[in-house]
Amino acid sequence: MPETVLPKQIADLAKRVIAENAAAGRKVVLAESCTGGLVCAALTEVPGSSAVLERGYVTYSNTAKTEDLGVSQDIIDAFGAVSVACVYAMAQGALERSDGADVAVAISGIAGPEGGSATKPVGTVVFACMVRGEEQPTAEERLFDEHTRAGVRYQATLCALELLLP
C-alpha cells in the first residue's frame with residue numbers, strides 16, 4: 001500500500017502545514033470550490049491533522065457558497081464566484097462558522113476545460129487568507145499556465161497549502 005494517495009509535492013507540503021500550524025497552536029478552516037476538497041484531503045493524509053484542521057467546506061455551487069458560508073448573492077451577481085470579493089466572503093464565512101479556527105483559506109476558480117471567458121480564462125483561480133483578529137485578509141488572483149483540469153487543481157492545491165503556512 002502507498003504511504004499517501006496524493007502526489008509527493010502536495011503530501012510533503014501538507015506535512016509542513018500540519019507541523020508548523022501545530023507548533024504555532026493554530027487551527028485552520030478551508031472553503032474550497034474548484035479544488036473540491038483536495039486541500040482538506042491533503043491535510044487529513046497527515047497523522048495528527050486533527051490538531052490543526054478544524055473543518056472544511058466544499059462549496060462548489062453558488063447556492064452552497066450563499067447557504068453554507070453566507071456569501072451574499074449580490075457579490076456573486078456583481079463580481080462572479082471567481083472573484084476576490086467572493087473568496088474574501090467565503091473565507092470570512094468559514095472563519096465565522098468555525099469553532100475557533102485561527103486562519104481560513106478560500107479558493108474559487110475555473111479548472112476547465114469549459115467555463116472560461118476572455119476576462120476569466122481557464123486556469124484563473126482566486127484565493128483569500130483571513131487570520132482571526134486581523135482586519136485585512138490577503139487575496140490574490142492567479143492564472144496558472146497549466147490548463148488541464150488536473151493541472152489547475154494541482155497548482156491551486158499547492159498554492160492554498162502555502163497560504164496556510166504560518
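This text goes with the structure placed above it.
The present account deals with the structure reproduced in this document. (Residues numbered from 1 in each chain as written. Predicted model: local features only at pLDDT ≥ 70, side-chain atom pairs only at ≥ 80, totals over all residues. Heavy atoms only, no water.)

So, on to the sheet that holds strand β4 (residues 124–131). Backbone hydrogen bonds are what pair the strands of a sheet, in a parallel or an antiparallel way. With respect to topology, 5 strands assemble into an open sheet ordered β2-β1-β3-β4-β5, the strand pairing being mixed. Each edge of the open sheet carries a strand with a single partner, namely β2 (53–58) and β5 (138–143). Pairs of neighbouring strands in the sheet enclose a mean axial angle of 10 degrees, with direction left out of account. Sheet topology places strand β3 (residues 103–109) next to β4; 7 bridges connect them, and they run antiparallel. Looking across to β4, one finds that Val105 is bridged to Cys129. (Pairing = 2+ DSSP bridges. Helix = DSSP H or I, 4+ residues; strand = E, 2+ residues; numbered from the N terminus. Axes fitted to C-alpha atoms, helices over the stretch in contact; angles between N-to-C directions.)

This brings us to the pattern of salt bridges. Per the counting criterion, the structure on display carries 6 salt bridges. Residue Lys15 is joined to Glu3 by a salt bridge in which the shortest nitrogen-to-oxygen separation is 3.2 Å. In this pair, Lys15 is assigned in helix α1 (residues 8–24) and Glu3 in the segment before α1, connecting sequence segments 12 residues apart. Using a relative accessible area of 39% as the deciding quantity, one classes Lys15 as partly exposed. With its nearest N and O atoms 4.0 Å apart, the salt bridge here joins Glu96 to Arg97. The class for Arg97 is partly exposed, based on a relative accessible area of 34%. (Salt bridge = Lys/Arg side-chain N within 4 Å of Asp/Glu carboxyl O. Buried < 20%, exposed > 50% of the residue type's maximum accessible area, 1.4 Å probe, protein only.)

Time to look at the packing of aromatic side chains. Across all of its chains, the model carries 1 aromatic pair by this definition. Where Phe127 meets Phe144, the ring centres are 6.4 Å apart and the plane angle is 85 degrees; that geometry is what we call edge-to-face. Of this pair, Phe127 sits in strand β4 while Phe144 is found in the loop between β5 and α6 (149–163), placing the two residues 17 residues apart along the sequence. Grouping residues by exposure puts Phe127 and Phe144 together as buried. (Phe/Tyr/Trp six-rings, centres within 6.5 Å; stacked < 30°, edge-to-face > 60°.)

What follows covers the layout of surface pockets. Roughly 190 Å³ of internal volume is contained in the largest pocket. Together, 15 residues line the largest pocket, and Tyr60, Val82, Gly109, Ile110 and Ala111 are the ones closest to its centre. Counting only elements with at least two residues in the lining of the largest pocket, the list comes to α3 (62–69) and β3. Class assignment of the residues belonging to the lining of the largest pocket gives a composition of 6 nonpolar, 6 polar and 3 charged. (1 Å grid on protein atoms, 1.4 Å probe; cavity = no way out; pocket = protein on both sides within 12 Å on 5 of 7 lines; lining within 4 Å. Points joined across faces, edges and corners; volume = space filled by probe spheres on them. Nonpolar A, V, L, I, M, F, W, Y, C, P; charged D, E, K, R; others polar.)

What follows concerns the pairing of β4. Along any regular strand, the residues point their side chains to alternate faces of the sheet. With 7 of 8 residues buried, β4 lies mostly within the body of the structure. Judged from the 6 bridges that link them, β4 and β5 form a sheet pairing that is antiparallel. By the bridge assignment for β5, Val126 is matched with Glu141. Taking the residues between adjacent antiparallel strands as the criterion, β4 and β5 are bridged by 6 residues, where Gly133 takes a positive phi near 90 degrees.

What follows deals with the side chain of Asn21. When you line up the elements, Asn21 lands in helix α1. For Asn21, the side chain forms a polar contact with the main-chain oxygen of Leu164, separated by 2.8 Å. Each residue touching Asn21, except ones within four places of it in the same chain, is listed here: Arg26, Val28, Val52, Leu164, Leu165 and Pro166. (Polar contact = N/O pair within 3.5 Å; in protein donor to acceptor, adjacent residues only side chain to side chain. Contact = heavy atoms within 4.5 Å.)

Listed in full, the buried residues belonging to α3 are Ala64, Lys65 and Leu69. Here the buried residues of α3 occupy an arc of 105 degrees about the axis, which is enough to place them on one side. As for α3, its buried residues are in contact with β1 (28–32), β2, α4 (73–79), α5 (84–97) and β3. At the exit of α3 stands Gly70, carrying a positive phi of roughly 75 degrees. (Arc of directions from axis to C-beta.)

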